[in-house]
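Structure assessment
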Amino acid sequence: MTPDSLRAALGGVPDPEWLDTALRRLSTEPTAITRLFPAAGRRCGRAALPDAPGWTADDAARVLLLTSLPGEHAAYAERLYQHGDAAERRAVLRALPLLPIGADGVPLLHDAIRTNDTRLVAAALGPYARHLDQAAWRQAVLKCVFSGVPLATVADLDTRADGELTAMLAALAAERHAAGRELPADANDLLHRLTAALPQEA
């Protein structure tokens, strides 16, 4: 999603004038985001957005607030994440790929992946996860399997999955099979795809 598409999807929020005013205010008073960001849920609602599948109004409004800042995006993202509740933290994570911060937001991904909040884990593995090194990314994918986060939320899964992830999933599948359990269906499907793509022995 882009800021423009999120703005269009927010056309039916309960208080669109509040959001317009907040976005204008941030252009001249960026510090106001520390008050506006938490207020977005109350002022814009938390309903799912029909024109932005997987997004809620508060998520989208908070992402727009962050992306509208004139500068210091990484510093504000960290501050809002560290002081935010779970919904605010998720919005920060979802905003990261839209911010001009390079890899500066990676520590926030590591923090989110360590939590037991599946919403944060899923948000951390969106498009910005391209900045995770391969070892950390593999462990995050396994965390999804263990915690029940749908693998469909993992950006670039098929292009980043490698032989080591295949081996890790195969070992987990064998361990669970021995215990009379199976991998989640999406993890099992991924393992089959990865195994089928391996070079066949002559």
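Residues numbered from 1 in each chain as written. Predicted model: local features only at pLDDT ≥ 70, side-chain atom pairs only at ≥ 80, totals over all residues. Heavy atoms only, no water.

Under the counting rule described, the total for this entry stands at 13 salt bridges. Its salt-bridge partner being arginine 7, residue aspartate 20 comes within 2.1 Å of it at the nearest N-O pair. Note that aspartate 20 is positioned in helix α2 (residues 16-28) and arginine 7 in helix α1 (residues 3-9), a separation of 13 residues in sequence. Classification of aspartate 20 by relative accessible area gives partly exposed; the value is 31%. According to the relative accessible area criterion, arginine 7 is partly exposed, its value standing at 25%. Between aspartate 111 and arginine 114 there is a salt bridge, with the nearest N and O atoms lying 3.6 Å from each other. (Salt bridge = Lys/Arg side-chain N within 4 Å of Asp/Glu carboxyl O. Helix = DSSP H or I, 4+ residues; strand = E, 2+ residues; numbered from the N terminus. Buried < 20%, exposed > 50% of the residue type's maximum accessible area, 1.4 Å probe, protein only.)

Taking 1.5 Å per residue as the helical rise, helix α9 (residues 134-147) with its 14 residues ought to reach 20 Å, and the 20 Å between its terminal C-alpha atoms agrees with that figure. Those residues of α9 that fall on the buried side of the exposure criterion are Ala136, Trp137, Arg138, Ala140, Val141, Leu142, Lys143, Cys144 and Val145. Buried positions along α9 lie against α7 (106-114), α8 (118-124), α10 (157-160), α11 (163-178) and α12 (185-197). Among the residues of α9, the N-terminal cap falls to aspartate 133, whose side-chain oxygen and the backbone nitrogen of alanine 135 are separated by 3.1 Å. Trailing α9 by a residue or two, glycine 148 shows a phi angle of about 85°, which is positive. (Expected span 1.5 Å × (residues − 1). Contact = heavy atoms within 4.5 Å. Polar contact = N/O pair within 3.5 Å; in protein donor to acceptor, adjacent residues only side chain to side chain.)

What characterises a pair of aromatic rings is the spacing of the ring centres plus the angle enclosed by the ring planes. Going through the model one piece at a time under the given rule, you end up with zero aromatic pairs. Over the ring of tyrosine 81 we find arginine 89; its NZ or CZ atom is 4.5 Å from the centre of that ring. Sitting over the face of the ring of tryptophan 55, arginine 94 holds its NZ or CZ atom 3.8 Å from the ring centroid. (Phe/Tyr/Trp six-rings, centres within 6.5 Å; stacked < 30°, edge-to-face > 60°. Lys NZ or Arg CZ within 6 Å of the ring centre and 35° of its normal.)

What follows covers unusual backbone geometry. Positioned with a positive phi, glutamate 72 is a non-glycine residue whose angle comes to about 55°. Within the fold, glutamate 72 resides in the loop between α4 (57-67) and α5 (73-83). If you check the backbone angles, aspartate 156 has positive phi at about 60° while not being a glycine. Relative to the helices and strands, aspartate 156 resides in the loop between α9 and α10. Classification of aspartate 156 as partly exposed rests on a relative accessible area of 42%.

You can see arginine 176 is positioned in helix α11. One buried charged residue, arginine 176, forms no salt bridge at all, with the nearest opposite charge on glutamate 175 at 6.2 Å. Apart from residues lying up to four places away in sequence, arginine 176 is in contact with Val145, Phe146, Arg181, Glu182, Leu183 and Pro184. (Lys, Arg positive; Asp, Glu negative; His and termini not counted.)

Taken N-terminus to C-terminus, the directions of α5 and α7 make an angle of 20°; their axes are 10 Å apart at the nearest point. Relative to α7, α5 is oriented roughly parallel. Considering how the two elements wind past one another, α5 and α7 form a crossing that is left-handed. When α5 is examined against α7, the residues Ala77, Glu78, Tyr81 and Gln82 are found in contact with a partner set consisting of Leu108, Asp111 and Ala112. Partitioning the contact of α5 with α7 into residue classes produces four nonpolar, one polar and two charged. (Axes fitted to C-alpha atoms, helices over the stretch in contact; angles between N-to-C directions. Parallel < 35°, antiparallel > 145°, perpendicular 65-115°, else oblique. Left-handed = near helix turned anticlockwise from the far one by under 90°. Nonpolar A, V, L, I, M, F, W, Y, C, P; charged D, E, K, R; others polar.)

Nothing here speaks to function; it is all geometry.
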